[in-house]
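Structural characterization, general
The chain contents come next:
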Amino acid sequence: MFPVVVENIYLLVIITLISVLQNVFFAQKVERECKGKNGQTSAFERVSCANRNCMDAYPTFLAVMWCAGLCLSQAPAAFAGIIYLMVRQKYFIGYLGQTSQSTPGYLFGKRIISFLFLMCVVGIFNFLLTRYYGSDYKEYVETITSAASALLLLP
Amino acid sequence: MFPVVVENIYLLVIITLISVLQNVFFAQKVERECKGKNGQTSAFERVSCANRNCMDAYPTFLAVMWCAGLCLSQAPAAFAGIIYLMVRQKYFIGYLGQTSQSTPGYLFGKRIISFLFLMCVVGIFNFLLTRYYGSDYKEYVETITSAASALLLLP
Amino acid sequence: MFPVVVENIYLLVIITLISVLQNVFFAQKVERECKGKNGQTSAFERVSCANRNCMDAYPTFLAVMWCAGLCLSQAPAAFAGIIYLMVRQKYFIGYLGQTSQSTPGYLFGKRIISFLFLMCVVGIFNFLLTRYYGSDYKEYVETITSAASALLLLP
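Residues numbered from 1 in each chain as written. Chains lettered and ligands numbered in written order. Predicted model: local features only at pLDDT ≥ 70, side-chain atom pairs only at ≥ 80, totals over all residues. Heavy atoms only, no water.

**Concerning the relation of the copies chain A and chain B**
To go from the first copy of the chain to the second, apply a rotation about an axis and then a shift along the same axis. Between the two copies, chain A and chain B, the superposition gives an RMSD of 0.0 Å; the rotation angle is 120° and the shift along the axis is 0.0 Å. Classification of the inter-copy transformation places it as that of a three-fold axis. Minimal C-alpha separation from the rotation axis in chain A is found for A:Pro59, amounting to 3.6 Å. Interface overlap between copies is the fraction of interface residues in one copy that are interface residues in the other; for chain A against chain B it is only 8%, indicating separate surfaces. (Least-squares fit on C-alpha atoms with pLDDT ≥ 70 in both. Contact = heavy atoms within 4.5 Å.)

**Description of the interface of chain A and chain B**
On the chain B side, the residues contacting the 25 residues of chain A number 24 residues. Interface area for chain A against chain B, summed over the two sides, is near 2,400 Å², with a carbon-plus-sulfur share of 75%. There are 1 salt bridge connecting chain A and chain B. A salt bridge links B:Asp56 to A:Arg52, with the shortest nitrogen-to-oxygen separation between them at 3.7 Å. Of the residues forming the side of chain A that touches chain B, the biggest block, 16 residues, is contributed by helix 1 (residues 3-35) of chain A. Here the side of chain A that touches chain B is built from residues that sort into 18 nonpolar, 4 polar and 3 charged. (Buried area = accessible area lost by both parts, 1.4 Å probe. Salt bridge = Lys/Arg side-chain N within 4 Å of Asp/Glu carboxyl O. Helix = DSSP H or I, 4+ residues; strand = E, 2+ residues; numbered from the N terminus. Nonpolar A, V, L, I, M, F, W, Y, C, P; charged D, E, K, R; others polar.)

**Some details on the interface of chain C and chain A**
On the chain A side, the residues contacting the 25 residues of chain C number 23 residues. Between chain C and chain A the total buried area reaches about 2,400 Å² when both faces are included, carbon and sulfur atoms providing 75% of it. On the surface where chain C and chain A come into contact, there are 1 salt bridge. Summed over the shared surface of chain C and chain A, the result is 1 residue pair in polar contact (both at pLDDT 80 or more). Contributing elements (two or more residues each) for the side of chain C that touches chain A: helix 1 (3-35) and helix 2 (41-71) of chain C. (Polar contact = N/O pair within 3.5 Å; in protein donor to acceptor, adjacent residues only side chain to side chain.)

**Structural notes on the side chain of C:Thr60**
Locating C:Thr60 in the fold gives a position in helix 2. For C:Thr60, a relative accessible area of 7% puts it in the buried group. Residues within four places of C:Thr60 in sequence aside, it is in contact with B:Val20, B:Asn23 and B:Tyr58. (Buried < 20%, exposed > 50% of the residue type's maximum accessible area, 1.4 Å probe, protein only.)

**Side note on the environment of A:Phe44**
Looking at the element boundaries, A:Phe44 is found in helix 2 (residues 41-71). Through-space distance from the C-alpha of A:Phe44 to that of A:Arg32 is 9.2 Å; in sequence the pair is 12 residues apart.

**Some thoughts on the relation of the copies chain C and chain A**
Mapping chain C onto chain A is achieved by rotating through 120° and translating by 0.0 Å along the same axis, at an RMSD of 0.0 Å. Mapped onto chain A, only 8% of the interface residues of chain C again fall at the interface, so the copies present different surfaces.

**Some words on the packing of helix 3 (residues 74-95) of chain A against helix 4 (residues 110-133) of chain A**
Residues and elements named next belong to chain A. Closest axis-to-axis distance for the helix 3/helix 4 pair is 10 Å, and the angle between their directions is 165°. By the angle between their axes, helix 3 is roughly antiparallel relative to helix 4. The interaxial crossing formed by helix 3 with helix 4 has left-handed handedness. Note on element contacts: helix 4 touches helix 3 through Ile-112, Ile-113, Phe-115, Leu-116 and Met-119, opposite Pro-76, Ala-77, Ala-80, Ile-83, Tyr-84 and Val-87. (Axes fitted to C-alpha atoms, helices over the stretch in contact; angles between N-to-C directions. Parallel < 35°, antiparallel > 145°, perpendicular 65-115°, else oblique. Left-handed = near helix turned anticlockwise from the far one by under 90°.)

So, in structure tokens, the structure goes:
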């Protein structure tokens, strides 16, 4: 039905599917821990808390990624999405670690969210410039963004 | 503004509206139980927990349903969405049952999520095939999907 | 890529970005309270609870706002979105107040959600009318909606 539309969003859809798989993986962890809890409630609480923190941030991530992908270009947005999913996986695993003293904080992936946020702002700004002044920097901006998304790999 | 776009998504929008109504219904249950809690905290805890589990799974469901509807076709996706909402209603009611021993697990609607997920994968795969080989199986696939969605009714 | 599409959704994207900023603000409040909790757990619990209630309602709000913006017109939807964000900010601040007796309820922004919901219903209804009868009331309806959205400012 929408060959043109699917053309422009299929990478975003793939990232969304991967994130859904990850959600199901998290939920199954919670399910299994919930079934087998006997005496050691701390493990269940930690899994549940990690899952809740991830789920709290999930709509925000989806909204920013899709906006960035639609407003500017999908390849850098999808790349940042993959990095975010890897960070989330690491966060979840780190949360389950035995040393309960060193649990990571509530927030994670701040840098990636900021990057996607910036992409949205640039995309909107670019659109308004194009509309009112007629000059289109979009391709130029896309090149810069693609290059910048590689910088996310730096720790 | 978008007659063509609305043409292709209106069923999805209707399902989203129904799910929003259901969310509000759940939230009002929590609200009422929260106001009237006096001594019996277990009822409040159960309503709150059921609502939280439903809300945790909600973004995942929305994302998968919209992706499936956009990538393949909207009628089977909307049908699966209705089934999901019915399953969720049953889950919520079941959670409030008096016998707290037999609360259902954390996950629900796994089959429907898997079905929608599969629809997305088929849609993306079909799009890539069309793009690189030029052969379009889309109408064929849509027929199979519509037939398969009827199988979801089986218990 | 999508100049036509971005033309029709850029206000919605801007509202989504503002809501993401607000989410990050809420999350940082939780983070800070979580780090500095020493003895006074009630403040942490209140911030955490306020954040959770806001996050529970967030996907519902996003879904309704985008549907309303796509089905009818984006300007009233974006306006209602701004009002919703202001209500949410007030709710969050009110939740943190010292008098724990007077915490607001679980629900908030019911009027705005209802308004956006009504916009969706009108948009869908209008689309179906246009499709089957060929008469288009859309521009007429849009004018009424823009006027009605100003009524939201009344307390």
